[in-house]
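Below are the chains, spelled out letter by letter.
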Amino acid sequence: MKSISYLMIRLGIGISMLGHGLVRIPKLKAFSEGMINNFQNSLLPEFLLIPFSFALPFVEFLLGVLLILGWQTKKAAIVGGFLMLALIAGTSLIENWSALPSQMIHLLFFVVVYEFNKANAFALDTSKVK
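Each chain has its residues counted from 1, following the order in which its sequence is written. Only residues with pLDDT of 70 or above have their local features reported here, since the model is predicted, and side-chain atom pairs are shown and tallied only from 80 upward, although totals for entire chains, interfaces and linings are computed over all residues. Processing note: side-chain calculations cover all non-hydrogen atoms of the structure and skip hydrogens and water entirely.

Visitor: Explain the overall build of the protein chain here, please?
Guide: Strands are runs of DSSP state E lasting at least two residues, helices are runs of H or I lasting at least four, and both sets are numbered from the N terminus onward. Helix and strand counts for the protein chain stand at five helices and zero strands. Written out in order from the N terminus, the α and β elements of the protein chain read α-α-α-α-α. In terms of overall dimensions, the protein chain has C-alpha extents of about 50 × 25 × 20 Å along its principal axes. Burial classification: accessible surface area is computed with a 1.4 Å probe over protein chains only, and a residue below 20% of its type maximum counts as buried, one above 50% as exposed, and the rest as partly exposed. Per-residue burial for the protein chain yields a buried fraction of 38% across its 130 residues. Per-residue accessibility takes into account occlusion by the displayed protein chains alone, with areas from the Shrake-Rupley method and a 1.4 Å probe. Roughly 7700 Å² of accessible area belongs to the protein chain as shown, and the carbon and sulfur atoms make up 71% of that amount. In this tally, Lys and Arg are treated as positive and Asp and Glu as negative; His is ignored, and so are the chain termini. Taken as the charge centre is NZ of Lys, CZ of Arg, CG of Asp or CD of Glu, depending on the residue. In the protein chain, which carries 10 positive and 6 negative side-chain charges, the distance between the mean positions of the two groups comes to 16 Å.

Printed below as a string of structure tokens:
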């Protein structure tokens with residue numbers, strides 16, 4: 001049943017994003033400082049890093065909630081995909097090659113959620129259970 005497969009994909013990326021946000025929000029200042037330290041020798045200016053590092057956990061958390069509920073699923077997949085592209089770009093700038101596979105997998109999950117949205121079921125986006 002395609003809708004069950006899609007549900008597992010949607011929940012998988014949703015739980016991952018929710019988890020990323022949940023563990024980072026309580027230690028937001030430390031997370032931000034760590035991210036800024038990681039990028040101190042990169043081309044990215046601190047005035048861009050600071051707001052990004054403070055917003056990232058909340059965006060991850062919100063994406064997770066949206067995907068788990070299946071609400072605004074396509075929009076969440078688009079935002080999530082572009083978020084992953086930004087993270088991939090940043091990771092490349094600091095040559096953190098070990099983080100790239102995980103980010104690429106997350107990107108792929110967002111693409112699958114977007115592309116196969118017609119199979120979305122058990123979601124607030126759908127008026128009925130498929």
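Anyway, onward from the coordinates.
Visitor: It is not clear to me how the packing of helix 4 (residues 73-93) against helix 5 (residues 100-115) should be interpreted in this structure. Could you clarify?
Guide: Helix-helix packing: each pair is described by the crossing angle between the helix axes and the interaxial distance. Axis definition: a line fitted to C-alpha atoms, over the contacting stretch in the case of helices. Angles run 0 to 180 degrees between N-to-C directions. In the contact formed by helix 4 and helix 5, the axes pass within 8 Å of each other and the chain directions differ by 160°. In terms of orientation, helix 4 and helix 5 fall into the roughly antiparallel class. Of the two possible hands of crossing, helix 4 and helix 5 adopt the one that is left-handed. Classification used: nonpolar for Ala, Val, Leu, Ile, Met, Phe, Trp, Tyr, Cys and Pro, charged for Asp, Glu, Lys and Arg, polar for all others including Gly. For the contact of helix 4 with helix 5, the class distribution of residues is 13 nonpolar, seven polar and one charged. Angles are sorted into four bins: roughly parallel if under 35 degrees, roughly antiparallel if over 145, roughly perpendicular if 65 to 115, and oblique for all others. Working rule for handedness: look at the near helix, and if it is turned counterclockwise from the far one by less than a right angle, call the crossing left-handed; if clockwise, right-handed.

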